[in-house]
Amino acid sequence: EMLLFPELDKYEDVEHLNELIAPVERFFTENVDSQSIDIEGEIPKELIRQLGELGLFGQQIPHEYGGLELDATGYARMAEVTAMDASVAVTFAGHQAIGLKGILIAGTREQKEKYLPKLATGEQLAAFCLTEPSSGSDAASIQTRATLSEDGKTFHLNGGKIWITNGGIADVFTVFAKTEVTDEQGNREDKMTAFIVERAFGGITSGKPEDKLGIRGSNTCEVHFDNTPVPIENVLGEVGGGFKIAMNILNSGRFSMGSSGAGMLKKLIGFAAEHAISRTQFKEKLMNFGLIQEKFSTMAVTTYAMESMAYLTALNLDSYVEPDLSVEAAIVKVFSSEGCWNCASESLQVLGGLGYMKTYPYERYLRDARILMIFEGTNEILRLFIAMNCLKYAGKELKEFQKLLRNPLKNPSAMFLFMRKMSSRKPKKVMHLNEELHPTLQHEAWMLEQWTQYLEKAVQKLLRQYGNSIIDEQFHLKRLADMAIDLYAMTACIGRTSRSLCMGLKNNDHEKTMTQLFCKEAVHRLENNFEAIMSGDQSNGDDLRRQIAEKVFTEHGYAASHPLTKNKF
Amino acid sequence: MFLSRINRSKLLKYLVTISSISKSKHPHCGIGSEHLQVSNNLRCNNFSLSSCVLEQNNSKAMFQEYYTAVLTEVHSNERLKAVTNFQHLSDPILKERALKKWIFIEAVNAYLAKNGENRRGYVEFIYDALEQMKPLEVHRDLDCYKALISIFPKGMMIPQNVWQHAFSHYPKQQDCMVEILEQLEHFGVIPDTKVQDAIEEIFGTMNNPMRKYRRIYYMTRKFQNRNPYKLPYDLPVDPIQLAVLALRKMAVDLENELKVWKVSRDENSKEKLFIASAQSPLQREMIHTHPESKPIYVEGGYRVWLRDIPQTYFVMRTDTDPSIFVRPTEEEELENLFDFDTIFDSEKPKQLALKPNVHQQEEGTILGMCITETSCKDSLISWIRCLQEANPRLESIPIVFSLATPSKQALVLRSEGMQPSQQSTNSPDPS
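Residues numbered from 1 in each chain as written. Chains lettered and ligands numbered in written order. Predicted model: local features only at pLDDT ≥ 70, side-chain atom pairs only at ≥ 80, totals over all residues. Heavy atoms only, no water.

Draft legend 1. Representation of the overall build of chain A within the structure. Scanning chain A from terminus to terminus reveals 19 helices and 10 strands. Principal-axis analysis of the C-alpha atoms gives chain A an extent of 80 × 75 × 65 Å. For chain A, the proportion of its 569 residues judged to be buried stands at 52%. By sequence separation, contacts in chain A at least 24 residues apart represent 73% of the contacts at least 6 residues apart. Element-wise, carbon and sulfur atoms account for 53% of the exposed surface of chain A, whose accessible area totals about 27,900 Å². Charge separation in chain A, taken as the distance between the mean sites of 62 positive and 75 negative side-chain charges, equals 7 Å. (Helix = DSSP H or I, 4+ residues; strand = E, 2+ residues; numbered from the N terminus. Buried < 20%, exposed > 50% of the residue type's maximum accessible area, 1.4 Å probe, protein only. Contact = heavy atoms within 4.5 Å. Areas by Shrake-Rupley, 256 points an atom, 1.4 Å probe, with all protein chains shown as cover. Lys, Arg positive; Asp, Glu negative; His and termini not counted. Charge placed at Lys NZ, Arg CZ, Asp CG, Glu CD.)

Quick look at the structure:
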C-alpha cells in the first residue's frame, strides 16, 4: 500500500478544480503577453489588477479573508497554469508562497484579520525579506538588527536586504532580523525573529529593479530599513523563534515547483513536437530520427516524473493532519528545477537555430528556467538537507549497532547476529510492494524495493565509516540525496501508473512505458551512485576532486601550463 | 674491535685510500654538494701525487692575478671604462655585477691570449677561477662556466683506442671538468646543449664529464618547476621586492593581502623606509573580535631565506583559546552518535562552531606579518600605526614587543677586489 497513489475523493472535486482553472487558463493565453513583459522588464499594473480580480493573489488564503482557500492540490494545479508566464508565476510565489505564508502559518487572529483581506485581492502585495549580501544560503548569519525600544512596545529595524521579489511594489514585508534574547539562565543571545512590516511604517527604501537574466518581469530589488518602527504586535510567532518560521515557510512552498515546471514543459513539448512533425530534413521528417525521438522521450518522462512527484506530495499534504513533507518537497524541487533546465534546453535544441532566436519563446523559457535551480533554496543546499534529514532518521535506528561495532567484544552474541544479517548481500523481497499494485508493474516494484535496500546498505556503510563527521562529507551526501530523489520519483511514477491502469484512463499504456523507461534510467543512476559510495574515496575519484579543487584555489584559477609552453632552458 | 691497534690503523689507511680512489673515479655520483664543500679544501680527488705538490705553490693566485690585472686596466683605460659603463642598467648593484662578469670573462680571454696553445697549469687556473666565482657573484652565470670550459684544448683528449676508453683518459682534466659541472649543478644553473657540444669536442662522447652533464641536463630540466615556492632565477635587487617575495611565500591564507608603506624615519628626514605587511581579511576579523584584556605580542627577528638572501620578519601573534583544539573523547562521541544538529535544525548548530581556522595554531594565532627595511623596534611601531587604518581595534588592545633580531644584520661590505663579503658576528640583541 505504500505505492497507492492518493487522489481526490470525488469526481466532483476534480470537476470543481477544473472549472476554477479554465478561466485562468484562458486569461493567460489571451491577455498575458509574455514577450513584452520580458522585454520591458516589468509587469504592467493593469495586468496585476486583473490578476487580482481573478483571485490569484489569495490562492491559499481562507475564504473568510477573501481568498480562494485552495489546498495544496489546488495550489499545485493552479501553478501549472500560472507557469505559462514565469515572471507572473514568480510574482505570485514571492507574494503568497513565501510573502504572506508566514502570516498564514504563524500569524495570530488579529494579524490575519488585519493583513490578509487586502493581500488576497492583490491590492497590497507581500514580499519575503531574508537574504542579505553576506547571507544567502546561510540564513542564520543575517545582520539586520531589531532593537527593542525602552518602553518595550516597538522594535526598530536597521539593515538591508537584497534580491527581494516584489521588493519595489510590495506593501507588506515579512522581515527577519536578529534580536537580543535572554534565555532562562540569563544568557544573552542573538536570535532571529520574524516581523510583519508595512511600508507605511516609514524608513523603508527600495532600490531600483535589478536587471536579470530571466524572470525579467518580476520586480527584484534591494530593500533598506532605516530605524523602521515595528510595533510589538507585528512579531510573527515568538521573539527569537524566527529561524523555525523561516524554515517552515520555505519548506511549505517548494512542492509546487514540480507542477509549475510540468505545466511549462507540457507547453514546450507541444510546440517542439509540432515542429518535429512538420519539419523536413534529409527528405525525412525530424520525428523519424532517433536522436530527436530520444530527446522527446527524455522530456516526456521527466515531465511525467515531475508531475507525479508534485501531486503525490500535494495530495499527501492534504490527506494528513500536520504532515511533515519537507524532505519530499525538497526532492520535488531539486528534480523539477534540474529537469526543467535540461528539458527546456533540449526543446530549444530540437528547433536548432530557430530555437535560439528571440522570435520564438524557447530562449525565454530557458532563461526563466535557470533561476529554478537557485532560488527557494539552492539545489546544493537542498541535497544536503535531504541527505542530512534522512541520515538523522537512519542514525537513530543504527545508533545501537554503531555502539556495538565500536566495541565488538562487549556483546559477542549480538555481534554474531548482526554479522549474519550483514552477510546476506542480496536484497530480499520483504516489503510486498506488489500487493496493491497493477500486475504489469511487478518488475518496477521489485527494482524499487531492491534499490531501497541497497540505499540502506550504503547509508550503513557511510555511518560506519564516518560516524558523526558524515555531515561534512558532501560528496557522499550528494550521492545519497540523488539516490533518494530517484527512489521517490520511482515511487510516484509507479503509483500513478498503477492507478491509471486500474482506472482505465486515456493513454495509460503510454504511462506504463514512460514509467518503465524512467525506472530503467533511474536504476542506472542508482547503480552509479551506489558503486561510488561503496567503493570509497580513492576509487570513485573524490580524492582527486579534492586535490584538483585545492590546486585551483591555491593558484587562484586554472592551474595547468598552457599546452604550447616550453621551458626556457 | 677484535683487531689489534696496528691492524686497525692499516685498515683505516686502506679504507681512506679506497675511498679516495673511488671518489676520484666517480666523484660525481650521488654525494654531490657536500663532496664539493669538503673537497674544496682537500683536493683529495686527484689521481696523481704531482698535482698535490703543485697546489702548494702559488698557482692558487693564478686567476686572481689575471683578474686584478684586467680590473686595473678597466679603471685606468678610458675606452674600457666606456665599454663597461652598461648604461642600459640603472641600478648600481646590477652595473657592478655586469662589470664583474665582464672582467671575469675578459680575464679568461686574457689567459687564453697570453698562453696560446701551450696552456700549462690550466687545470689549476680553472680550479682557482671556480673558487672565485662565488665571491664575485658570477656563480649563477652560465656564460662564465662556458668561458671556463673553453679553456680546455679541443680534440687532443679524445680517446683513440680501447685502452684509452677503458681507463679514464686524462683523468685530472676529466675531474676538473666534472668539478666545473658539479659547481654548476650545485648553484642551480641549467646548462644548455652548447656545453654538451663543447664536452664532446674536448673529451669525446663516452666519458665522465659527459655522463655528469647528461645527468645534470636531464634532472635539472625535469625538476626545474617542481618547487611550489619557486623564486625567479635572478633575485631582484630592490629590497621591497625581496620582502614581497618572502611574504608571499610565507602567507598561507589564499585571501592574503600584501601592502607596502613608505614611512619616514622621523619628522626631519626626507628618507622614506619601506614596511611590507601581509594580512588577510580573516585576520582582520579576528583582531576586530579580540578582547581588550588580552595582549597582542609582536615577536620577531625570525629569518626566512630567499635562496641565499635572508629576510628578517616579524609576526603579530596572540594566544589561542585551547578549547578549540579539544576533540570529544570516545565516550562523548558514542553518546552523541548520530545526534546531528545541522544547519537546517537550529541557528547555531554545535558542530559548526569550533573548527580552528588556518591562522589558529596551538602555539598562537597569527594576526599579521611584516618585513621592514631596518628591523628595529621603531619600524615595528610604525607598522602597527600603519595597520591601525584597517584595524582600528589595535589602538585599544595592548601590544607587547618581544624582539630578538639577529643583530646588526649581515652587512655586506662591497669592496673592490677579491675579499669575500664580511659578516659581523651574530649576537642576539633582545630589546
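Draft legend 2. A look at the nonpolar core. Counting 101 residues, the largest nonpolar core has Ile386, Leu463, Leu480, Met490 and Phe518 of chain A as its most contacted members. The biggest single contributor to this core is helix H17 (residues 474-503) of chain A, with 14 residues. Excluding its chain neighbours within four sequence positions, the residues that come into contact with Met490 of chain A are Glu444, Met447, Leu448, Phe518, Cys519, Ala522, Val523 and Leu526 of chain A. The next biggest cluster of nonpolar side chains, apart from the first, holds 51 residues, and it includes Phe86, Ala129, Cys176 and Leu181 of chain B. (Core = buried A, V, L, I, M, F, W, Y, C linked by side-chain atoms within 4.5 Å.)

Draft legend 3. The arrangement of the UniProt feature "domain: Acyl-CoA dehydrogenase/oxidase C-terminal" (unreviewed entry) in chain A in detail. Here the UniProt feature "domain: Acyl-CoA dehydrogenase/oxidase C-terminal" (unreviewed entry) sits at residues 240-389 of chain A. Within residues 240-389 of chain A, the helical portion is 76% and the strand portion 3%, while the C-alpha atoms at the span's ends are 23 Å from each other. (UniProt positions renumbered as here; feature names shortened; annotations may be inferred.)

Draft legend 4. Seen up close, the sheet that holds strand E5 (residues 365-372) of chain B. All names here are of chain B. The strand order E1-E2-E5-E4-E3-E6 describes an open sheet built from six strands, whose pairing is mixed. Each edge of the sheet is formed by a strand with only one pairing partner; in this case those strands are strand E1 (257-264) and strand E6 (399-402). With direction set aside, neighbouring strand axes in the sheet form an average angle of 30°. Note that strand E2 (residues 272-279) and E5 share four bridges and pair antiparallel. Note on E5: the bridge partner recorded for Ile275 is Thr372. With respect to the sheet, helix H13 (residues 239-250) is in contact with E1, E2, strand E3 (296-306), strand E4 (309-318) and E5, its orientation differing from that of E3 by roughly 105°. Strands in contact with helix H17 (residues 377-387) are E1, E2, E3, E4, E5 and E6; relative to E2, the strand with the most contacts, it is inclined by about 55°. (Pairing = 2+ DSSP bridges. Axes fitted to C-alpha atoms, helices over the stretch in contact; angles between N-to-C directions.)

Draft legend 5. Focus on empty space enclosed by the protein. Residue and element names in this part refer to chain A. Evaluated as defined, the whole model comprises four cavities of 30 Å³ or more. As a volume, the largest cavity reaches approximately 320 Å³. Surrounding the largest cavity, 24 residues form its lining, Ala89, Val90, Ala93, Ser260 and Leu372 being those nearest its centre. Of all the elements, helix H5 (residues 86-99) adds the most residues to the lining of the largest cavity, at six residues. Here the residues of the lining of the largest cavity sort into 16 nonpolar, six polar and two charged. (1 Å grid on protein atoms, 1.4 Å probe; cavity = no way out; pocket = protein on both sides within 12 Å on 5 of 7 lines; lining within 4 Å. Points joined across faces, edges and corners; volume = space filled by probe spheres on them. Nonpolar A, V, L, I, M, F, W, Y, C, P; charged D, E, K, R; others polar.)

Draft legend 6. Quick peek at the packing of aromatic side chains. Residues and elements named next belong to chain B. In the structure shown here, the tally under the stated rule is 24 aromatic pairs over all chains. On the basis of an interplanar angle of 10° and a centroid distance of 4.0 Å, the ring pair of Tyr111 and Phe125 is categorised as stacked. With Tyr111 in helix H6 (residues 92-115) and Phe125 in helix H7 (residues 122-133), the pair connects residues that are 14 residues apart, well separated along the chain. The pair Tyr111 / Phe125 is uniform in exposure class, with both members buried. The structure contains a cluster of three or more aromatic residues connected by ring pairs, namely Phe63, Tyr66, Tyr67, Phe104, Tyr111 and Phe125. When the ring centre of Tyr233 is taken as reference, the NZ or CZ atom of Arg140 above it lies at 4.2 Å. (Phe/Tyr/Trp six-rings, centres within 6.5 Å; stacked < 30°, edge-to-face > 60°. Lys NZ or Arg CZ within 6 Å of the ring centre and 35° of its normal.)

Draft legend 7. Representation of helix H10 (residues 171-186) of chain B within the structure. Residues and elements named next belong to chain B. Look at H10: 22 Å from first C-alpha to last across 16 residues, which is about the 22 Å you get at 1.5 Å a residue. Of all 16 residues in H10, 12 are buried, a share of seventy percent or more. Here H10 has its buried residues at Gln173, Gln174, Asp175, Cys176, Met177, Val178, Glu179, Ile180, Leu181, Glu182, Gln183 and Leu184. Looking one or two residues beyond H10, the residue adopting positive phi is Gly188, at roughly 75°. (Expected span 1.5 Å × (residues − 1).)

Draft legend 8. Highlighting the side chain of Asn379 of chain A. Residues and elements named next belong to chain A. By secondary structure assignment, the location of Asn379 is in helix H14 (residues 379-406). For Asn379, a relative accessible area of 1% translates into the label buried. Asn379 has contacts with Lys333, Val334, Ser337, Glu338, Leu372 and Met373, leaving out every residue within four places of it along the chain.

Draft legend 9. A look at the interface of chain A and chain B. Facing the 33 residues of chain A at the interface are 23 residues of chain B. Across the interface of chain A and chain B, roughly 2,700 Å² is buried in total on both sides, 60% from carbon and sulfur atoms. Of all residues in chain A, Arg406, Asn468 and Phe569 of chain A give up the largest surface area on contact with chain B, accounting jointly for 26% of the area buried on that side. At the junction of chain A and chain B, the tally comes to one salt bridge. When the shortest N-O distance is used, the salt bridge between Lys392 of chain A and Asp345 of chain B registers 2.8 Å. Going through the elements one at a time, strand E5 (188-198), helix H8 (242-252), H14 and helix H19 (542-554) of chain A are the ones with two or more residues in the side of chain A that touches chain B. Tallying contributions element by element places H14 of chain A first for the side of chain A that touches chain B, with 12 residues. Partitioning the side of chain A that touches chain B into residue classes produces 15 nonpolar, eight polar and 10 charged. (Buried area = accessible area lost by both parts, 1.4 Å probe. Salt bridge = Lys/Arg side-chain N within 4 Å of Asp/Glu carboxyl O.)

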